[in-house]
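Listed here are the chains, written in short residue letters.
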Amino acid sequence: MAEQHTKSERLRQHLVEVIDQGLEPHSKLPTERDLATEFDVSRLTVRRALDRLEHEGLVYRVQGAGTFVAAPRITKSVELTSFSEDMRARGLEPGSSVLVTETIPAGARLGAKLRVSPSDDVFHIRRARTADGEPMALEDSYLNPKLFPGLIDNVGSESLYRILETEYGMRIEWAEQSIHASVLEPDEAGLLGAPPFSPAFYVTRTSFDAQDRAVEYAESTYRGDRYHYELQIHRSR
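First, a word on scope: everything that follows refers to the structure included in this document.

1. Thoughts on the overall build of the protein chain
A count of helical and extended segments in the protein chain gives seven helices and ten strands. Looking at the protein chain as a whole, 44% of its 237 residues are labelled buried. As displayed, the protein chain has an accessible area near 13,000 Å², and 48% of this comes from carbon and sulfur atoms.

Below is the structure:
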């Protein structure tokens, strides 16, 4: 057992060196069978090495397709910041590509989130969010037109939170947020430049101002190979 563990660790270290020497993100690694043959080890040993690499965020697996090199992850702290603020804090240049701008009926679900009548209209803005030009997330934002007249005609690459604050005097103070594990559907994967059905985070957030008015409801899909969340957890006193 100890010898098998040593072989697994040696293989892991070799693969780390190969990745560090310049394999591009999303490059496909050799199959478990090919690695087992090349290094004269069992497939179980190979699987253990790949399990560790996946846990460390260096590779990801797509069922039926194989194992791929993961892009460097960007840590996402659970704090009330915009996407643009997150990226700049990590030395990356944020950007956006506007995919959809429309006015739609709120309906029961969005009406409840934004605290408006289901018959009221809401703005819908869908953007592909980038960091240093690389797609990172898809973001659907819904806002109350009565609070932000003309907003839908002025959305670009600038931070939406910044627009709300500078153009409308609306500062977001707190939010309710939920995070779920998910996968990228083929159309989402195409927009984000990632393999279909690869891991993703699905995040919903309702943001409020100091008067506890619902300012924005957003649904975001983040590439799981580029993001992870960190939380500080304290024992209650």
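Now that the structure has been shown, the text picks up again.
2. Topic: helix α2 (residues 32-39)
All of the buried residues along α2 are Glu32, Leu35 and Ala36. Around the axis of α2, the buried residues are gathered within 100° of arc, so they sit on the same side. Of the residues in α2, the exposed ones pointing more than 90 degrees away from the buried face are Arg33, Thr37 and Glu38.

3. Thoughts on the packing of aromatic side chains
If you walk through the whole model with that rule in mind, you get four aromatic pairs. Considering the side-chain rings of Trp174 and Phe208, the 4.1 Å spacing of their centres and the 10° angle between planes classify their relative orientation as stacked. In this pair, Trp174 is assigned in strand β7 (residues 174-183) and Phe208 in strand β8 (residues 199-208), connecting sequence segments 34 residues apart. The partly exposed category is assigned to Trp174, whose relative accessible area is 31%. Residue Phe208 is classed as buried on the basis of its relative accessible area, which comes to 2%.

4. Comments concerning the pairing of β8
When you tally the buried positions in β8, you get seven out of ten residues, the bulk of the element. With ten bridges joining them, β7 and β8 adopt antiparallel strand pairing. Among the inter-strand pairings, Ala181 is bridged to a residue of β8, identified as Phe201. Pairing analysis gives nine bridges linking β8 to strand β9 (residues 214-223), with the strands arranged antiparallel. Bridging across to β9, Thr206 finds its partner in Tyr217. The loop that links β8 with its antiparallel partner β9 comprises five residues; one of these, Asp212, has a positive phi angle of about 65°.

5. Re the pattern of salt bridges
Two side chains that carry opposite charge are able to pair once their charged atoms sit near each other. This model, assessed by the stated rule, comprises 18 salt bridges. A salt bridge links Arg12 to Glu56; the shortest N-O distance between them is 3.1 Å. Taken together, the residues Arg12 in helix α1 (residues 2-20) and Glu56 in the loop between α3 (43-55) and β1 (59-62) connect sequence positions 44 residues apart. Through salt bridges with shared partners, a single network forms among Glu9, Arg12, Arg52 and Glu56.

6. Quick look at empty space enclosed by the protein
This structure, assessed with the given rule, holds two cavities of 30 Å³ or more. Forming the boundary of the second largest cavity are His26, Tyr60, Leu184, Ala194, Pro195, Ser198, Pro199, Arg223, Gly224 and Asp225. When its residues are assigned to classes, the lining of the second largest cavity shows five nonpolar, three polar and two charged.

7. Overview of the side chain of Ser207
Note on placement: Ser207 falls in strand β8. With residues up to four places along the chain from it excluded, the contact list for Ser207 reads Tyr161, Ile172, Trp174, Ala175, Arg213, Ala214, Val215 and Glu216.

8. What about unusual backbone geometry?
Not every positive phi belongs to a glycine, and Arg115 is a case in point at roughly 60°. Its place among the elements puts Arg115 in the loop between α5 (107-114) and β5 (121-131). In the Ramachandran plot, Asp212 falls in the positive-phi region, its phi being about 65° despite a non-glycine side chain. Residue position: Asp212 is located in the loop between β8 and β9.

9. A look at the side chain of Ser96
By the secondary structure assignment, Ser96 is in strand β4 (residues 94-105). The class for Ser96 is buried, based on a relative accessible area of 17%. In terms of polar contacts, Ser96 uses its side chain to reach the side chain of Arg129, at 2.7 Å. In contact with Ser96, not counting residues within four places along its chain, are Arg127, Ala128, Arg129, Thr130, Gly156 and Ser157.

Criteria and cut-off values
Numbering of residues starts from 1 in each chain and follows the order in which that chain's sequence is written. Only residues with pLDDT of at least 70 are given local features in this predicted model, and only at 80 or more are side-chain atom pairs given and counted; all residues enter the totals for whole chains, interfaces and linings. Note that water and hydrogens are dropped before the side-chain values are worked out from all heavy atoms of the structure. Only DSSP runs of H or I covering at least 4 residues are called helices, and only runs of E covering at least 2 are called strands; the numbering of each starts at the N terminus. Throughout this description, buried means an accessible area under 20% of the type-specific maximum (1.4 Å probe, protein chains only), exposed means over 50%, and partly exposed covers the range between. All accessible-area figures derive from a Shrake-Rupley calculation using a 1.4 Å probe, and residue coverage is judged against the displayed protein chains alone. As used here, the arc is the angular range of directions from the helix axis to the C-beta atoms. Pairing of aromatic side chains requires ring centres within 6.5 Å, counting the rings of Phe and Tyr and the six-membered ring of Trp. Pairs whose planes differ by under 30 degrees are stacked, by over 60 edge-to-face, and all others tilted. Between any two strands, at least two bridges found by DSSP are needed for them to pair. We define a salt bridge as a contact between a side-chain nitrogen of Lys or Arg and a carboxyl oxygen of Asp or Glu at a distance within 4 Å. As defined here, a cavity is a set of points on a 1 Å grid over the protein atoms alone where a 1.4 Å probe fits but cannot get out. A pocket is an open set with protein on both sides within 12 Å along at least five of seven lines, and residues line them when an atom is within 4 Å of a point. Grid points are joined across faces, edges and corners, and a volume is the space filled by probe spheres set on the points. Gly is put with the polar residues, along with every residue not named as nonpolar or charged; the nonpolar set is Ala, Val, Leu, Ile, Met, Phe, Trp, Tyr, Cys and Pro, and the charged set is Asp, Glu, Lys and Arg. Between two residues, a contact is recorded if the distance between any of their heavy atoms is within 4.5 Å. In protein, a polar contact means a hydrogen-donor-capable atom and an acceptor-capable atom, both N or O and within 3.5 Å, with residues adjacent in sequence counting only if both atoms are side-chain atoms; elsewhere, any N or O pair within 3.5 Å suffices.

Everything listed here is a matter of coordinates, which is why it stays silent on function.
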